[in-house]
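Geometric and topological summary
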Amino acid sequence: MSQSSLPNDASIYPRNESPRGLNDALAWPIRQLDRLRQSVLPDADAPLIAPAEPAAANSAPLSRAQRLLRLVPACILVLVVLALLLAVGLFGFRQLYDGRIYPAVAVADVPIGGLTAAEAENRLAERAAALEGETFTFTYNELTWTPTLAEVGGRVDLDASIANAMALGRTGDATSRLAFTGALLDADQQAPLYTDLDGATLDAWFDQVDADIGNIAIDARLTIDGGAVAISDEVPGVAVDREAVTAQILASLASLASLQPATSELPTRVDEPMFTRANLTPVQATIEGMIAEPVEVTYGDDSWRLEGAILGPYLLVDTALENGEPSAVLDIDTDGLAAALRAEVGDEINRPPMDAVIGWDDGVVALEPSSAGVTIQGGAFAEAVADSFLNSHQPVEIPVILTKPEIDGENLDALGIDTLLGDGSSNYDGGVEGRDANVELATELMNGTLVPPGGTFSFNDAIGEITYERGFQEALVVQGEGVGRDVGGGVCQVSTTIFRAALNAGMPITEWYAHTYRLPDYERDGWGPGFDASILQWGPDPAEWPDFEFENYTDGWLLVESSIAYPYVNVAIYGSGDGRSVIIDAWEIGNNAFAFSRVIHDAQGNVIADRTFESHFK
C-alpha cells in the first residue's frame, strides 16, 4: 500500500504556495487532500496491496465488498488529515487577522476589511460626516426648511459600527464562526452603520418649525377683573406632525448609506387647544365662589375684611395636564399681594419703637412709658392670606415683628444711671421777650437727652433745627463780626449752661467755640469771662455748623436734665462715674483775653487730663 505524509517543510504552506488571502489560505489544504487521495487510491480498480509473489493461477479475485472494506482505514486517514489541515488553515487565518477586521467586510458602502479599529474609524469618519451633513427639505405654504441630519438629531455611531464589524466571525460557537469564514469565500459581508436620533435635538427643531409657522393653538383663559371672572375663547392652530416627520427621518436612517437629499411637503396637524371654555367653566364657578367670600384678618382687638376685589387681581391660574386630562391649578402672587396688604392695613399697624422719657427723682424714673415697635411681616402675611383664600377662608392673625425700644421703661437699671456727675447754671435775667422764649424752648428741647456709652453729646442735635416753624423767635444774635437780629437769639444761653455742667462732670470736651464778643449776661452769679459756649446754625450743611460737643467717657448712659427756674437755666448730667474730680482755675491773659484751666484727677488723685480754654474777645 502506497503512503503519503504532510510536507516536511518548516511551514504548513510550501514556499511557492504561501496563502495570498482568504481564498488561498483555505484552498491550499484542499489541494493537499486531493493529492493524498490520489496517492492512496490511484486507481479504483487496482489492488490496494501488491502481492508478495505472483498469485496462483487458480486464485479467486476479490469481490467489490471486500475491496471497499479494505478502503475503510484509508478513508479514516483522509478525514483525519483533512480536519487537521482545515484546523491549521483556520488557525493561520485567524492569526493573520488578529486585531484586524476580517477581509471582505464593509460597513454600509465603505470597505474596511483587514483594517484595525483606528484605521476603520479614519476611513468611515469622512463618510459619517458627509451623511450627517445631508439635508432634508420640507415645505409648507411659502415656508421652506432644509435641516441637515445632524440638525434634527441624527448621528452616526462610529464606535458601535466598528465594534460590530470587528466582532463578525469572532462570536458564537465554532460552527457559526466556520460558517462565517465560508461566507467570506462566497461574497463581501455587509455590516450595518449604526445611527441614533437625539429626541431633544429633534424636539427643539420641531419647536422652531412651529414658531416659524406661527399658528399655535390659543387656549381658553380665565381673566379676573376685580370680582368678575371671565373666560376667553379657545382658537385651534396648525403645528408640525411630529410623529410623521420622525417616521420619515427614521426611514432615512434605516437606509443611511444611500441617504440622498429629499424634498417633501411638511406633514402638519391641527393643533388643538389644551384648554377650552368647557374645561374652564367649572374652575370659573369655583373662583367666583372664592371671591364672593372675604378673608378676615385680625391684630389685637382690630379686624379687617379683605374683599375679593382686593385679592382677586393676585390670583394666578396655571393650566396643566394631570393624568392626560387638562386641569387648572390656582395660586396667589404673594409678592404683589404683600404690597397690597401693607397698603391696606400697614398704616394702622406699623409703628416705630418708642423710647421711654426718663428723668431724675432720687434715681432715674420713666416719665413716659416705652413701647415696642410693630412691623407687619409682609411675606408671611401674604402667605397666610393666600392659604385662607384658596382653601378654608379661616380668619388670619396678622404676623408682626416686635422691636424693643432702646430705652426700655421696664428695665431702666440697664442704663447704668445712678448718680449726679456734674451740673451748671446761668442767669438770663433782663432779657427781652423773644430771647427769653428762645432760652426756655431750647431748655425744654434739650431736657431728657440721653447719650449712649462712648457716644457724643451734640447741642445742635439735642435741640434740633432752630426755625420759626418750631416755635423759635427773632432776637439779638452775634453773627460773625457783628450783632444783629435773627431767629433763635439767646439759645447760646443754654449751650453755655450745658458747657458748664460738662466741665464740672469731667466730660472730655470735643468741640467748643468762644463768643466773638464778651457778653456780661454770661458773667452773673460768679461766673467769670470765658465760661460760655457759642453755637451757630448757619449754612445748608448741618455737619458744618459750629457746635458744642462732649464725649461720654462712662460705660453707661448719660441723662442730661435741663430746667428753668426763672431767671436761671439749670443743667445736670447723671450717669455712673468713675470717681474722678475736677479743679478749675481762671485768669486774665490781657488785652481783653481770658483763660481758665481744668485739671481732672482720677479716684486715686492722679492727673488724667489738663486743658486750658482761652477766649480772645473783640
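Report follows, based on the coordinates. (Residues numbered from 1 in each chain as written. Predicted model: local features only at pLDDT ≥ 70, side-chain atom pairs only at ≥ 80, totals over all residues. Heavy atoms only, no water.)

1. Re the sheet that holds strand S23 (residues 449–451)
The antiparallel open sheet is built from four strands, whose spatial order is S22-S30-S29-S23. The strands lining the two open edges of the sheet, one partner per strand, are strand S22 (419–427) and S23. On average, each strand axis in the sheet is tilted by 20° relative to the strand beside it, whichever way the strands run. Sheet analysis places strand S29 (residues 558–565) next to strand S30 (residues 568–575), joined by seven bridges and oriented antiparallel. Paired with Ala565 across the two strands is Tyr568, which belongs to S30. Docked against the sheet, helix H12 (residues 433–446) engages S23, S29 and S30, running at close to 150° with respect to S29. Sheet strands in contact with helix H14 (residues 492–505) are S22, S29 and S30, and its direction is about 145° off that of S22. (Pairing = 2+ DSSP bridges. Helix = DSSP H or I, 4+ residues; strand = E, 2+ residues; numbered from the N terminus. Axes fitted to C-alpha atoms, helices over the stretch in contact; angles between N-to-C directions. Contact = heavy atoms within 4.5 Å.)

2. Comments concerning empty space enclosed by the protein
A complete count under the given rule lists one cavity of 30 Å³ or more for this structure. The computed volume of the largest cavity comes to approximately 50 Å³. Along the walls of the largest cavity sit His515, Tyr517, Arg518, Leu519, Tyr522, Glu523, Gly528, Pro529, Gly530, Asp532 and Phe617, which together make up its complete lining. Tallied by class, the residues present in the lining of the largest cavity amount to five nonpolar, three polar and three charged. (1 Å grid on protein atoms, 1.4 Å probe; cavity = no way out; pocket = protein on both sides within 12 Å on 5 of 7 lines; lining within 4 Å. Points joined across faces, edges and corners; volume = space filled by probe spheres on them. Nonpolar A, V, L, I, M, F, W, Y, C, P; charged D, E, K, R; others polar.)

3. Examining the pairing of strand S10 (residues 237–240)
Alternating positions in S10 separate into two faces, Gly237 and Ala239 on one and Val238 and Val240 on the other, with burial throughout. Judged from the four bridges that link them, S10 and strand S12 (residues 268–271) form a sheet pairing that is antiparallel. Note that in S12 the partner of Ala239 across the bridge is Arg269. (Buried < 20%, exposed > 50% of the residue type's maximum accessible area, 1.4 Å probe, protein only.)

These figures capture arrangement, not role.
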